[in-house]
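# Working through the structure, step by step
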Amino acid sequence: MSDKSAEKHTEARHWLMERVLAETRETAHLTGFSELSDRVIKAIATTPRHCFIPPEQQDWAYADAPLPIGRGQTISQPFIVALMTELLAPGPEDVVLEIGAGSGYQAAILAHLVQQVYTLERIPELAMMATQRLQELGFANVTVCVGNGVQGWEEQAPFDGIIVTAAATETPPALVRQLKPGGRLVIPVGPPHRTQDLRVVEKDAQGVAHSRSVLPVVFVPLIDRG
Ligand code: SAH
C-alpha cells in the first residue's frame, strides 16, 4: 500500500471512530454506558476494515454501515461491532467463540482483546477468505472453522464469552451450556429480516443464566443447517 493510501485509511478510521463514539453516547439510555473502554476503542481504531471488504465496496469501508461481503451476507456496522464487543467485556486471558465469521472483521477485533478466538462460519467460501485475510494480517490467535454454530463448538468449550453475529429465533441452548460460570453470551434474537433484540445472557457462578435486552438491531439470519 502507498503511504498516501495508508494515510487516507488512517484518517477515515479516525472519523469512523468519532461516529462510533457519538452513537455510543446517543444510545446510552438503552445500553447503560455512554463510553467505550479504551481497549475496545484501540481495537476498532487500529483494525483495517478495508482489508475485510470486497473491492467494489472499498469506497464505503469506513462508513458506519453494514456492507455486502458476498453470498447474501454482510459485515456488521462498526458501531454494532463496538457495542457487542463492549457488552462481551472480553478480558486478556479469555477464550471466546464467535458464531458467523463472515468477513473475519469481528474476529479480528476480538483477537486484539483476548487470548484465543474460535469462530464458526457455515459458508465454506467465506470461512476460507476470512482465514486467509486473518493470516495475512498476522492474527495468529484466531481459528476459523466451517460448521453450524447453533451447536456451538463442544471440543473447545467452555468459553468465557460467546458472540453471535447472525439473528437467532431463540437463544440456542448449546451456546448457554458452553459458557463458563461468569461467562457472557451476546446475541441478536428475533424473526429473520425484521428488527431483533440484542441480548446479553450472563451465566452466574451457580450456572444460572440471566438475560437482558439491550437494543433493537437487524442481522442476517442464523441458519440452523449444514
Ligand atoms: N461477524 C461477521 C458478520 C457476519 S454476517 C463479520 O465481522 O464480517 C453473519 C454470518 O453468519 C454470515 O457469514 C453467515 O453465513 C453466518 N451464519 C449464519 N448461520 C450460521 C450458523 N448456523 N453457523 C455459522 N455461521 C452462520
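First things first, this report covers the structure right here in the doc. (Residues numbered from 1 in each chain as written. Predicted model: local features only at pLDDT ≥ 70, side-chain atom pairs only at ≥ 80, totals over all residues. Heavy atoms only, no water.)

Moving on: the pairing of strand β8 (residues 196-203). Relative to β8, strand β7 (residues 179-189) runs antiparallel, the two being bridged by six bridges. Looking at the pairing, Val189 lines up with Asp197 of β8. Between β7 and β8, which pair antiparallel one after the other, the connecting turn spans six residues, and Gly190 there sits at a positive phi close to 160°. Of the pairings in the sheet, the one linking β8 to strand β9 (residues 209-217) comprises eight bridges and is antiparallel in character. The partner of Val200 across the bridge, within β9, is Arg212. The loop that links β8 with its antiparallel partner β9 comprises five residues; one of these, Gly207, has a positive phi angle of about 90°. (Pairing = 2+ DSSP bridges. Helix = DSSP H or I, 4+ residues; strand = E, 2+ residues; numbered from the N terminus.)

It is worth spelling out empty space enclosed by the protein at this point. Summed over the entire model, instances satisfying the criterion amount to one cavity of 30 Å³ or more. Of the pockets and cavities examined, the largest cavity occupies roughly 350 Å³. Lining the largest cavity are 29 residues, with Gly100, Ala101, Glu121, Thr165 and Ala166 positioned closest to its centre. Breaking the lining of the largest cavity down by element, the ones donating at least two residues are β2 (73-75), α4 (78-88), β3 (95-99), α5 (105-113) and β4 (116-121). Considered class by class, the residues forming the lining of the largest cavity number 15 nonpolar, 11 polar and three charged. (1 Å grid on protein atoms, 1.4 Å probe; cavity = no way out; pocket = protein on both sides within 12 Å on 5 of 7 lines; lining within 4 Å. Points joined across faces, edges and corners; volume = space filled by probe spheres on them. Nonpolar A, V, L, I, M, F, W, Y, C, P; charged D, E, K, R; others polar.)

Close to the ligand lie 26 residues; Glu98, Ser103, Glu121, Gly149 and Ile223 are nearest. Within the side chain of Glu121, one N or O atom sits 2.6 Å away from an oxygen atom of the ligand. At 2.7 Å from a nitrogen atom of the ligand is found a main-chain nitrogen or oxygen belonging to Ile223. For the ligand, whose unbound accessible area comes to 580 Å², protein coverage reaches 100%. Structurally, the ligand is housed in the largest cavity. Mapped onto the shell around the ligand, the elements with two or more residues apiece are β2, β3, α5 and β4. Looking at which element gives the most residues to the shell around the ligand, the answer is β2, with three residues. (Near = heavy atom within 4 Å. Polar contact = N/O pair within 3.5 Å; in protein donor to acceptor, adjacent residues only side chain to side chain. Areas by Shrake-Rupley, 256 points an atom, 1.4 Å probe, with all protein chains shown as cover. Sits in = over half its atoms within 2 Å of the grid points.)

By themselves these figures say nothing about function.
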